[in-house]
There are 2 protein chains.
Amino acid sequence: MEKKITIRDVAKHAGVSVASVSYALNGKDKLSPETKQRIMEAIEELEYEPSLTARCLSNGDSKLIGVTLPITEKGDIPGVLLNNPFFGEFISGVEYVIRKEGYDILFSGVETDRQYKDWIQRRRLDGIIMLGVYPHSLLKEIKNLDIPIALTDAYEDYTKDFHRVMVEDKLGGYLATKHLIEMGHTEIAFVTGSLKKSPLNNQRYLGYLQALEEADLEVKEEYFIEEHVNFEGGYKAGIELLKRKIKATAIFAIADIMAIGLMKAFRENNKDIPGDYSIIGFDDIKFASYVTPGLTTMKQDIMKKGMICAEMVLEALQKKSSERKTVILKPELIIRDSIRKIK
Amino acid sequence: MEKKITIRDVAKHAGVSVASVSYALNGKDKLSPETKQRIMEAIEELEYEPSLTARCLSNGDSKLIGVTLPITEKGDIPGVLLNNPFFGEFISGVEYVIRKEGYDILFSGVETDRQYKDWIQRRRLDGIIMLGVYPHSLLKEIKNLDIPIALTDAYEDYTKDFHRVMVEDKLGGYLATKHLIEMGHTEIAFVTGSLKKSPLNNQRYLGYLQALEEADLEVKEEYFIEEHVNFEGGYKAGIELLKRKIKATAIFAIADIMAIGLMKAFRENNKDIPGDYSIIGFDDIKFASYVTPGLTTMKQDIMKKGMICAEMVLEALQKKSSERKTVILKPELIIRDSIRKIK
């Protein structure tokens, strides 16, 4: 095996001290341009690769980006990632971008009682991408860390201290509902996760209300159902709607995974989609196109969201900038076969 | 052999205490930048690589378990995780177990041309869990690392040097086919990923052949289709089967995600499931129960598989044992609504 090139070899080759090479590697401004140039040439000629451990020590660059998910498990049932395929698609986007730049993902579920800040420091993370909703106290604790942190779908005022990628959720809710109205529906139910806990759900609800109001349609309380944002929640909502014997001909579900649960509940009870109920979802997860009938939905580009989060964090690292950015994506109507036209 | 460089050598060389080097290695913020700098230089000069034992002694376990997936992307489309929800469920199981023990997941796609061994050492991984199929050369390169490595579904002889979690795939293929036969089907198509590249697919195929033979049924070449193991592959297989105008009344797909693709292709062509075609899958991914009709399948407990991989790796770490284990899980028939009984 070849002998490994060390910092000492580089120093000798360039005719400078080890400390000078170290300064050069860590971008410290203590060297003349000529010295820097000589060192860079030596590094290239010897094909020197500074070890990661050493680099970590010198400037804290761990080349690790933390990606976190809130833990949703109950009892002994693992909960992370499982309840919505959204997460897998998002992480796929993140992984793609950071791998190309030589970073790795440190992946972790976040328990709310965990010493999160401590964990970030111990792991010497270069940046963090946080999926999902976290308590204000946790964000407050970490906002002064000098690493870039990107949040998704964060509406609260205090999240302005972070990088953010968001979707125009109100617009999405509006466009989804408007599409149902344009297809002739006037009785439109709304199936959602908690409005209280999630500003995102709330925004989509506001869009729903706006579309109804514009069309002079009544907002009916029996058309509103709050459930967990997963398949089971959608399924329960479907059973509940059937029990209420509602006259709604259409349902807007704020997540595809809930819409797919609704479809299952209706089909099991011999209701046809879109014959008896038209359904529109939100997200455009892969499975929206896999089910039959294909689910019409408001697409947010999930993978792109992950890629943008990663790019924002990497850019902030490279520029050593403390500027915080918010990127807002437009949702897009994807028409498939789950909506019937009413004359 | 060269004398191994120890943490004491580094301390002596840098003129600091062993504790200081240990702090530096563990990223503790107790040192001045100058001290850190000196330690970094000493590490570089001596080519010091903290060994697993040394890390344990200095309490410097990285507490990192690597989880890898092969990269399936084409061009600029991120491919990791996406093509089968299987992966998300598996990682969920791993994460749950290792988090409880204070470990984190270092998650990465593996490009075949990557310096994988180098990456493992640089990251000082305590253990690795590898999902999917990797080239023999890659496994050969890493098998002598002194950390526990767990593989899934690894049949090749040379994988005996690793921890393994497997499923009785041949038995699963046999039971799936036998169930179709017991439901009265005699013309049974087989939809699979590459038999050549995947011993797992091959095992399931052998089980299929065994069941046909036992029942004195003919193996027909036009009933065999090889495609990619994803939704699109299943969809294409469905279109191909329709084109062949086969008389098969039932299809065994070696992965649920392919079976769901088949269902979509048939439904789009106005074929009823199970009226026109009965389908059985393999895996029991969450979506097998979400689709309508619910997909009958051979369940392998995916999350449990992830949990067992994690437990094997942690146990080997704790016992400092070099023993290699293979755990073989039994598949289980899950009956839903995708198979018609033929009188």
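Residues numbered from 1 in each chain as written. Chains lettered and ligands numbered in written order. Predicted model: local features only at pLDDT ≥ 70, side-chain atom pairs only at ≥ 80, totals over all residues. Heavy atoms only, no water.

S.K.: Which residues make up the overall build of chain A, and what are the values?
M.R.: The helix and strand inventory of chain A stands at 13 helices and 12 strands. A buried classification covers 56% of the 343 residues belonging to chain A. When contacts within chain A are restricted to residue pairs at least 6 apart in sequence, long-range pairs at least 24 apart make up 69% of them. When the accessible area of chain A is evaluated, it comes to approximately 15300 Å², of which 48% is carbon and sulfur surface. (Helix = DSSP H or I, 4+ residues; strand = E, 2+ residues; numbered from the N terminus. Buried < 20%, exposed > 50% of the residue type's maximum accessible area, 1.4 Å probe, protein only. Contact = heavy atoms within 4.5 Å. Areas by Shrake-Rupley, 256 points an atom, 1.4 Å probe, with all protein chains shown as cover.)

S.K.: How would you explain the pairing of strand E6 (residues 188-192) of chain A if you had to name every residue and give the values?
M.R.: All names here are of chain A. Within E6, 5 of the 5 residues are buried, leaving the element largely enclosed by the surrounding structure. Burial along E6 is two-sided: the residues Ile 188, Phe 190 and Thr 192 and Ala 189 and Val 191 are all buried. Here 4 bridges tie E6 to strand E8 (residues 250-253), and the two strands are oriented parallel to one another. Residue pairing across strands places Ile 188 opposite Ala 250, the latter belonging to E8. Alignment of E6 against strand E7 (residues 224-226), held across 3 bridges, turns out to be parallel. Note that in E7 the partner of Thr 192 across the bridge is Glu 226. With helix H9 (residues 199-214) bridging E6 and its parallel neighbour E7, the resulting β-α-β unit is right-handed. (Pairing = 2+ DSSP bridges. Right-handed = clockwise from strand over helix to strand, strands pointing away.)

S.K.: Requested: an account of the sheet that holds strand E10 (residues 296-299) of chain A, with residues and values cited.
M.R.: All names here are of chain A. In spatial order, the strands read E7-E6-E8-E9-E10-E12; together these 6 strands make up an open sheet with mixed pairing. This sheet does not close on itself; its edge strands, each paired only once, are E7 and strand E12 (332-334). Across the sheet, the mean angle separating the axes of adjacent strands is 20° when strand polarity is ignored. Two strands pair when backbone bridges link them, and strand E9 (residues 278-283) and E10 are joined in this way by 4 bridges, in the parallel orientation. Across the sheet, residue Phe 282 finds its bridge partner in E10, namely Met 298. (Axes fitted to C-alpha atoms, helices over the stretch in contact; angles between N-to-C directions.)

S.K.: Please provide a residue-by-residue account of the pairing of strand E5 (residues 163-167) of chain A, values included.
M.R.: For a regular strand, the rule is simple: side chains alternate between the two faces of the sheet. All names here are of chain A. Buried residues dominate E5, accounting for 5 of its 5 residues. Two elements, strand E4 (residues 149-152) and E5, share 3 bridges in a ladder whose sense is parallel. Bridged to Leu 151 within E5 is Arg 164. Inspection of the sheet shows E5 paired to strand E11 (residues 326-329) by 4 bridges, in the parallel sense. Residue Met 166 lies in a different strand from E11, and its bridge partner there is Ile 328.

S.K.: An account of the confidence of the model for chain A is requested, with residue identities and associated values reported.
M.R.: Residue and element names in this part refer to chain A. For chain A, the average pLDDT comes to 88, and 90% of its residues sit at 70 or higher. Scored below 50 in pLDDT, residues 52-59 shows 23 contacts in the model against residues more than four places distant or in partner chains. Interface confidence in the predicted complex, given as ipTM, is 0.81; pTM for the same model is 0.82. (pLDDT = per-residue confidence, 0-100.)

S.K.: With reference to specific residues and values, describe the pattern of salt bridges.
M.R.: Under the counting rule described, the total for this entry stands at 32 salt bridges over all chains. Of the charged contacts, one joins Arg122(A) and Asp118(A) as a salt bridge, the two residues approaching to 3.9 Å between their closest N and O atoms. Pair noted here: Arg122(A) and Asp118(A) are both in helix H6 (residues 116-122), with a separation of 4 residues, about one helical turn. You can call Arg122(A) partly exposed: its relative accessible area is 44%. The class of Asp118(A) is partly exposed, set by a relative accessible area of 42%. In this structure, Arg336(B) and Asp284(B) form a salt bridge, with 3.0 Å as the shortest nitrogen-oxygen distance. Highlighted residues: Arg336(B) in the segment after strand E12 (332-334) and Asp284(B) in the loop between strand E9 (278-283) and helix H12 (287-290), separated in sequence by 52 residues. Taking the relative accessible area as the measure of exposure, Arg336(B) reaches 22% and is therefore partly exposed. What makes Asp284(B) buried here is its relative accessible area of 13%. Linked through salt bridges whose partners overlap, the residues forming this network are Glu240(A), Lys243(A) and Arg244(A). (Salt bridge = Lys/Arg side-chain N within 4 Å of Asp/Glu carboxyl O.)

S.K.: How would you sum up the packing of helix H1 (residues 7-14) of chain A against helix H3 (residues 33-46) of chain A? Please name residues and give values.
M.R.: Residues and elements named next belong to chain A. At a minimum axis separation of 9 Å, H1 and H3 run at an interaxial angle of 125°. As judged from the angle between their axes, H1 and H3 are oblique. Handedness of the H1/H3 crossing: right-handed. Across from Asp 9, Val 10, His 13 and Ala 14 in H1, the residues of H3 making contact are Arg 38, Ile 39, Ala 42, Ile 43, Glu 45 and Leu 46. Partitioning the contact of H1 with H3 into residue classes produces 6 nonpolar, 1 polar and 3 charged. (Parallel < 35°, antiparallel > 145°, perpendicular 65-115°, else oblique. Left-handed = near helix turned anticlockwise from the far one by under 90°. Nonpolar A, V, L, I, M, F, W, Y, C, P; charged D, E, K, R; others polar.)

S.K.: So, the domain arrangement of chain A: which residues are in play, and what are the values?
M.R.: All names here are of chain A. Per the domain assignment, the segments of chain A are domain 1 (7-59), domain 2 (64-167 + 302-328) and domain 3 (169-300). Spacing between the C-alpha centres of domain 2 and domain 3 amounts to 28 Å. The three residues of domain 2 that bury the most area against domain 3 are Tyr 155, Val 167 and Ile 302, which together make up 39% of that side's buried surface. There are 0 salt bridges connecting domain 2 and domain 3. Linking domain 2 to domain 3 there are 5 residue pairs in polar contact (both at pLDDT 80 or more). Among the elements of the structure, helix H5 (86-100) and helix H13 (302-319) are those that each provide at least two residues to the side of domain 2 that touches domain 3. Its residues placed into classes, the side of domain 2 that touches domain 3 shows 6 nonpolar, 2 polar and 4 charged. (Domains from an automatic or database assignment. Buried area = accessible area lost by both parts, 1.4 Å probe. Polar contact = N/O pair within 3.5 Å; in protein donor to acceptor, adjacent residues only side chain to side chain.)

S.K.: Tell me about helix H10 (residues 231-243) of chain B, residues and numbers included.
M.R.: Helix length check: H10(B) (13 residues) gives 19 Å between terminal C-alpha atoms against 18 Å at 1.5 Å per residue, within 8%. When H10(B) is considered as a whole, its buried residues turn out to be Phe231(B), Gly233(B), Gly234(B), Ala237(B), Gly238(B), Leu241(B) and Leu242(B). If you follow the buried residues of H10(B), they end up packed against helix H12 (287-290) of chain A together with strand E6 (188-192), strand E7 (224-226), strand E8 (250-253) and helix H11 (256-268) of chain B. At the N-terminal end of H10(B), a side-chain oxygen is found 3.3 Å from the backbone nitrogen of Glu232(B), two or three residues along, and the residue is Asn230(B). Backbone geometry just after H10(B) places Lys245(B) at a positive phi near 50°. (Expected span 1.5 Å × (residues − 1).)

S.K.: Quick rundown of the packing of aromatic side chains? Include the residues and the values.
M.R.: The final tally for this structure, using the stated rule, is 25 aromatic pairs over all chains. A centroid spacing of 5.9 Å and a plane angle of 85° characterise the contact between Phe86(B) and Phe87(B), whose relative ring orientation is edge-to-face. Both residues of the pair, Phe86(B) and Phe87(B), belong to the buried class. Look at Tyr116(B) and Trp119(B): their rings are 5.4 Å apart centre to centre, the planes differ by 25°, and that puts the pair in the stacked class. With Tyr116(B) and Trp119(B) both in helix H6 (residues 116-122) and 3 residues apart, the pair spans about one turn of that helix. Judged by its relative accessible area of 0%, Trp119(B) is buried. By the ring-pair criterion, three or more aromatic residues cluster together here, those being Phe231(A), Tyr235(A), Phe287(A), Tyr290(A), Phe231(B), Tyr235(B), Phe287(B) and Tyr290(B). It is Arg204(A) that lies over the ring of Phe282(A); its NZ or CZ is 3.6 Å from the centre. (Phe/Tyr/Trp six-rings, centres within 6.5 Å; stacked < 30°, edge-to-face > 60°. Lys NZ or Arg CZ within 6 Å of the ring centre and 35° of its normal.)

S.K.: How would you sum up the side chain of Arg123(A)? Please name residues and give values.
M.R.: With respect to the helices and strands, Arg123(A) occurs in the loop between H6 and strand E3 (127-130). With residues near it in sequence (within four places) discarded, Arg123(A) still touches Ser62(A), Leu64(A), Leu106(A), Ser62(B), Lys63(B), Leu64(B), Tyr103(B) and Asp104(B).

S.K.: Any chance you could break down the nonpolar core for me, citing the residues and the numbers?
M.R.: Counting 150 residues, the largest nonpolar core has Ile129(A) and Ile129(B) as the members making the most contacts within it. If we skip the residues at most four places from it in the chain, Ile129(A) touches Ile65(A), Gly66(A), Val67(A), Thr68(A), Phe90(A), Val94(A), Ala150(A), Cys309(A), Ala310(A) and Val313(A). (Core = buried A, V, L, I, M, F, W, Y, C linked by side-chain atoms within 4.5 Å.)

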